[in-house]
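The chain contents come next:
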Amino acid sequence: MPANKQLYVFSDFDGTITQQDSNDYLTDNYGMGQAMRVQLNQEIIQGKLSFRDGFAQMLNSVPLKYEEALETLKKNVAIDPDFSSFYEWCKKEGVRLVILSSGMEPFIRSLLEQYLGKEEATKIEIVSNDINVHEDGTWNIVYHDDTHFGHDKSLTIRPYAQLPEEKRPHMVYCGDGVSDLSAAKETEHLYAKKGRDLITYCKRENVSYTEFETFAEIHKALIEFKSENVDKA
């Protein structure tokens, strides 16, 4: 195994890096409400509804203008306090960290800017959906691709997974919900957040995972993994 074999960490953003899911927060408090959102999520998990269509229904139910939505999220959505030290460790140790999100990049970078500062929020690698803001301040999601997920996260991971073994990086994925279903089977190891929909899916599909509550647990586990599998490679 070559000495330069790298560790890649792919992570969901909402509900994984953040303590609250920003899109769920808007939907529950300003849109269709929690009960209907949960029902749609169950239909997505059961394969009765595409994530793309269900997510659009949720976001379209939110009447807030773009700036109102952005300020609401900045005031109410917190990032896992243990993420900062994990992020700094990744930079120091040469671990590639990629945020794979079904959320929207302007919201994600604004929340990260509050927490990591503007410079780091600009540099961090994000693959996500986008936002189209209209002249009157209304907005809509712009999906990353044409798949039924809207953003199929597996499409970012799979090119690395298909590399020859000697060139393939070690890869892990961190997630929590229905937007992570496409990525759940694509990496060597999966970290799934306690009590969330991704664990429901993993149990049903017999997908191996490690449960976590904060990034402190992932950080600790990956320090050990790196020392055993990367530094000694």
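Data block above holds the structure.
Being a predicted model, the structure only gives us computed values, none of them experimental.

Draft legend 1. Main features of the overall build of the protein. Of the regular secondary structure elements, the protein holds 10 helices and seven strands. Scaling as 2.2 N^0.38, a compact globule of 233 residues should have a C-alpha radius of gyration of about 17 Å, and the protein matches this with 18 Å. Principal axes of the C-alpha set define a box for the protein whose edges measure 55 × 40 × 30 Å. Scored against the burial criterion, the 233 residues of the protein give a buried share of 52%.

Draft legend 2. Up close: the pattern of salt bridges. Taken as a whole, this structure holds 18 salt bridges when the rule is applied. Residue R204 is joined to E205 by a salt bridge in which the shortest nitrogen-to-oxygen separation is 3.0 Å. Taken together, the shared-partner salt bridges in this structure form one network comprising E88, K91, E119, E120 and K123.

Draft legend 3. Looking closely at helix α4 (residues 66–76). What α4 keeps buried is the set Y66, A69, L70, T72 and L73. Viewed along the axis of α4, the buried residues span an arc of 165°, placing them on a single side of the element. Buried residues along α4 sit in contact with α1 (22–30), α6 (105–116), β3 (125–133) and β4 (139–142).

Draft legend 4. Looking closely at the environment of D80. With respect to the helices and strands, D80 occurs in the loop between α4 and α5 (83–93). Expressed as a C-alpha distance, the spacing of D80 and I17, which sit 63 residues apart in the sequence, is 5.7 Å. In contact with D80, other than residues within four places in its own chain, are I17, T18, Q19, Y115, T214 and F215.

Draft legend 5. Local environment of the packing of aromatic side chains. Applying the stated criterion across every chain, the model contains 12 aromatic pairs. An aromatic cluster of three or more residues is present, and its members are F83, F86, Y87, W89, F212 and F215.

Draft legend 6. Examining α5 more closely. Listed as buried for α5 are F83, F86, Y87, W89 and C90. For α5, the angular spread of buried residues about the axis comes to 160°, placing them on one side. On its buried face, α5 sits against β1 (7–11), β2 (96–104), α6, α7 (118–123) and α10 (215–229). Once α5 ends, the next one or two residues include G94, with phi positive near 70°.

Draft legend 7. Region of the structure containing the nonpolar core. By size, the foremost hydrophobic cluster in this structure holds 73 residues, and its most contacted members are V9, F83, F86, F107, L112 and I124. Setting aside residues no more than four positions away along its own chain, V9 makes contact with F86, V95, R96, L97, V98, V172, C174 and L222.

Draft legend 8. Structural context of the layout of surface pockets. Within this model, the largest pocket holds a volume of roughly 460 Å³. Surrounding the largest pocket, 27 residues form its lining, D21, D24, R37, N41 and D176 being those nearest its centre. Of all the secondary structure elements, the ones that give two or more residues to the lining of the largest pocket are α1, α2 (34–45), α3 (51–60) and β2. Its residues assigned to classes, the lining of the largest pocket shows six nonpolar, 12 polar and nine charged.

Draft legend 9. Spatial organisation of the pairing of strand β6 (residues 189–193). With respect to burial, β6 is a largely interior element, four of its five residues being buried. Inspection of the sheet shows strand β5 (residues 170–175) paired to β6 by four bridges, in the parallel sense. Looking across to β6, one finds that V172 is bridged to H189. Summarising the sheet, β6 and strand β7 (residues 210–212) pair through three bridges and their orientation is parallel. Along β7, the bridge assignment pairs K193 with F212.

Draft legend 10. View of the sheet that holds β1. Taken in spatial order, the seven strands of this open sheet run β4-β3-β2-β1-β5-β6-β7, and their pairing is mixed. Both outer strands of the open sheet, β4 and β7, are each paired with one neighbouring strand and no more. Across the sheet, the mean angle separating the axes of adjacent strands is 25° when strand polarity is ignored. Pairing geometry for β2 and β3, over four bridges, is parallel. Paired with M104 across the bridge in β3 is N129.

Calculation notes
Residue positions are given per chain, counted from 1 along the sequence in the order it is written. Reporting of local features is limited, given that this is a predicted model, to residues whose pLDDT is at least 70; pairs of side-chain atoms are given and counted only at 80 or more, and all residues count toward the totals for whole chains, interfaces and linings. By convention in this description, side-chain values take in all heavy atoms of the structure and omit both hydrogens and water. Counting from the N terminus, the helices are DSSP H or I runs at least four residues long and the strands are E runs at least two residues long. Here the globule rule is a power law, 2.2 Å times the number of residues to the power 0.38, and the radius of gyration is based on C-alpha atoms. Each residue's exposure class comes from its accessible area (1.4 Å probe, protein chains only) as a fraction of the maximum for that residue type: buried when under 20%, exposed when over 50%, partly exposed otherwise. For salt bridges, the criterion is a side-chain nitrogen of Lys or Arg within 4 Å of an Asp or Glu carboxyl oxygen. The arc in question is the one spanned by the directions pointing from the helix axis to the C-beta atoms. Whether two residues touch is decided by their heavy atoms; if any such pair falls within 4.5 Å, the residues are in contact. When the centres of two rings from Phe, Tyr and Trp lie within 6.5 Å, Trp using its six-membered ring, the rings pair. Their planes under 30 degrees apart give stacked, over 60 give edge-to-face, and anything left gives tilted. Take the buried Ala, Val, Leu, Ile, Met, Phe, Trp, Tyr and Cys residues and link them wherever side-chain atoms come within 4.5 Å; each set so joined is a nonpolar core. Buriedness of a pocket was judged along seven lines, with at least five required to meet protein on both sides within 12 Å; pockets are open sets of points on a 1 Å grid over the protein atoms alone, cavities are sets where a 1.4 Å probe fits but cannot get out, and lining residues have an atom within 4 Å of a point. Grid points are joined across faces, edges and corners, and a volume is the space filled by probe spheres set on the points. Under the convention adopted here, Pro, Cys and the residues Ala, Val, Leu, Ile, Met, Phe, Trp and Tyr are nonpolar, Asp, Glu, Lys and Arg are charged, and Gly plus all remaining residues are polar. The pairing criterion for strands is at least two bridges between them, as found by DSSP. Helix axes are fitted to C-alpha atoms over the stretch in contact, other axes to C-alpha atoms as well, and angles between N-to-C directions run from 0 to 180 degrees.

Read these as spatial facts, not as claims about activity.
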